[in-house]
Amino acid sequence: MSRCPGKVRQRRGRSPSHRRYGWRLRVNRYLTAVLGAGAVVLVTGCSHAQTTDGVPTPALWAGAPSPPNSNVAGVPSVDDPLSLDAVLDEPCLSLTDEQIVQYLGDDTTEEVDTAVSSGPACSWDSDMRSDAEIAITYPRITDEGLTALYRNRNDTEFFYEREPVGGYPAISYGIVDRRDDGECLVTVGTSDADYVNVRVYLGRGSVGRLDPCDAAHDVATDVIDNIKATD
């Protein structure tokens, strides 16, 4: 896997007692509803997604900012804004060590970048044979929140509203539809001006067995819960 420019990479080895984990903990939930489910996960922007300075970013930005929900139908409002201050400074706080073990297994590599133009980001990739990845980005290139995305929804190959994440509105969409390849982005509106992107890539052997958008929604749920704990 090629290395993204401008990022700090750190290997996150853990004790042998954790090595039985990986996606299997979370996959157990799917086994009750989906026959033949396997191990899952996720995505960083380098090898799979359109990037800005090496960080995956949706190409859905409108020009000059306008008031939230201005002239755009269907944009959900966020009545209880969630502060992102802690994760903007340290985006890798988005997921705990235990959660990374549960999703990706014991042996992972972490990449962090707090200076890219698209916003602070952290990604993790599995060094197991699955090649699964997770990337979390906090875009700072618009102050319209989900309005900017809803305005340009017709420029996407798919766009649909998801079940709220921790009480916050969520959508799945793609400029290019890579769901069949095991990749999906879930975006959660944390205020009328801000949102968080959670992109996942299902590791080898899992594509076609699980829905990558469901996997991204699960990760987003953990991310929002962790942000709430810092607020």
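This report concerns the structure included in the present document.

Scoring rules and cut-offs
- Residues numbered from 1 in each chain as written.
- Predicted model: local features only at pLDDT ≥ 70, side-chain atom pairs only at ≥ 80, totals over all residues.
- Heavy atoms only, no water.
- Disulfide = S-S within 2.5 Å.
- Helix = DSSP H or I, 4+ residues; strand = E, 2+ residues; numbered from the N terminus.
- Expected span 1.5 Å × (residues − 1).
- Polar contact = N/O pair within 3.5 Å; in protein donor to acceptor, adjacent residues only side chain to side chain.
- Phe/Tyr/Trp six-rings, centres within 6.5 Å; stacked < 30°, edge-to-face > 60°.
- Buried < 20%, exposed > 50% of the residue type's maximum accessible area, 1.4 Å probe, protein only.
- Lys NZ or Arg CZ within 6 Å of the ring centre and 35° of its normal.
- Patch = residues over 30% accessible without salt bridge, like charges linked within 9 Å, V, L, I, M, F, W, Y side chains within 5 Å.
- Areas by Shrake-Rupley, 256 points an atom, 1.4 Å probe, with all protein chains shown as cover.
- Salt bridge = Lys/Arg side-chain N within 4 Å of Asp/Glu carboxyl O.
- Lys, Arg positive; Asp, Glu negative; His and termini not counted.
- Charge placed at Lys NZ, Arg CZ, Asp CG, Glu CD.
- Pairing = 2+ DSSP bridges.

1. Thoughts on the state of the cysteines
(1) Moving on: Summed over all chains, the structure comprises two disulfides.
(2) Moving on: Covalently, Cys92 is tied to Cys122 through a disulfide, its sulfur atoms 1.9 Å apart. Taking the torsion about the S-S bond as the criterion, the Cys92 to Cys122 disulfide, at about 90°, is right-handed. Of the two residues, Cys92 is situated in the loop between helix H3 (85–89) and helix H4 (97–104) and Cys122 in strand S5 (residues 121–126); the sequence distance between them amounts to 30 residues.

2. Side note on helix H6 (residues 212–230)
(1) Moving on: In this model H6 runs 27 Å from its N-terminal to its C-terminal C-alpha over 19 residues, within 8% of the 27 Å that 1.5 Å per residue would give.
(2) Moving on: For H6, the side-chain oxygen to backbone nitrogen distance between the N-cap and Cys213 is 2.8 Å, and the N-cap itself is Asp211.

3. What about the packing of aromatic side chains?
(1) Moving on: Counted under the stated rule, the structure contains three aromatic pairs.
(2) Moving on: For the pair Tyr150 and Phe159, a centre-to-centre distance of 5.1 Å together with 80° between the ring planes defines the contact as edge-to-face.
(3) Moving on: Where Phe158 meets Tyr160, the ring centres are 6.1 Å apart and the plane angle is 40°; that geometry is what we call tilted.
(4) Moving on: Given a relative accessible area of 7%, Phe158 falls into the buried group.
(5) Moving on: Counting every residue linked through ring pairs, the aromatic cluster contains Tyr150, Phe159 and Tyr173.
(6) Moving on: Above the face of the Phe158 ring, Arg179 is positioned so that its terminal group lies 3.8 Å from the ring centre.

4. As for a negative patch on the surface
(1) Moving on: Among the surface-exposed residues, Asp79, Asp80, Asp85, Asp89, Glu90 and Asp231 lie close enough to one another that they form a single negatively charged patch.
(2) Moving on: Here Glu90 lies in the loop between H3 and H4.

5. As for the pairing of strand S4 (residues 108–113)
(1) Moving on: Of all six residues that make up S4, five are buried, and the element is covered over most of its length.
(2) Moving on: Here six bridges tie S4 to S5, and the two strands are oriented antiparallel to one another. Bridge pairing in S5 places Thr108 opposite Ser126.

6. Things to note about the pattern of salt bridges
(1) Moving on: On inspection of all chains with the given rule, the structure shows five salt bridges.
(2) Moving on: Arg151 is paired through a salt bridge with Glu144; the nearest N and O atoms lie 3.0 Å apart.
(3) Moving on: With a shortest N-O distance of 3.2 Å, Glu183 and Arg199 are connected by a salt bridge. Here Glu183 is found in strand S9 (residues 183–189), whereas its partner Arg199 is found in strand S10 (residues 195–201), with 16 residues between them in sequence.
(4) Moving on: Residue Glu183 is classed as buried on the basis of its relative accessible area, which comes to 5%.

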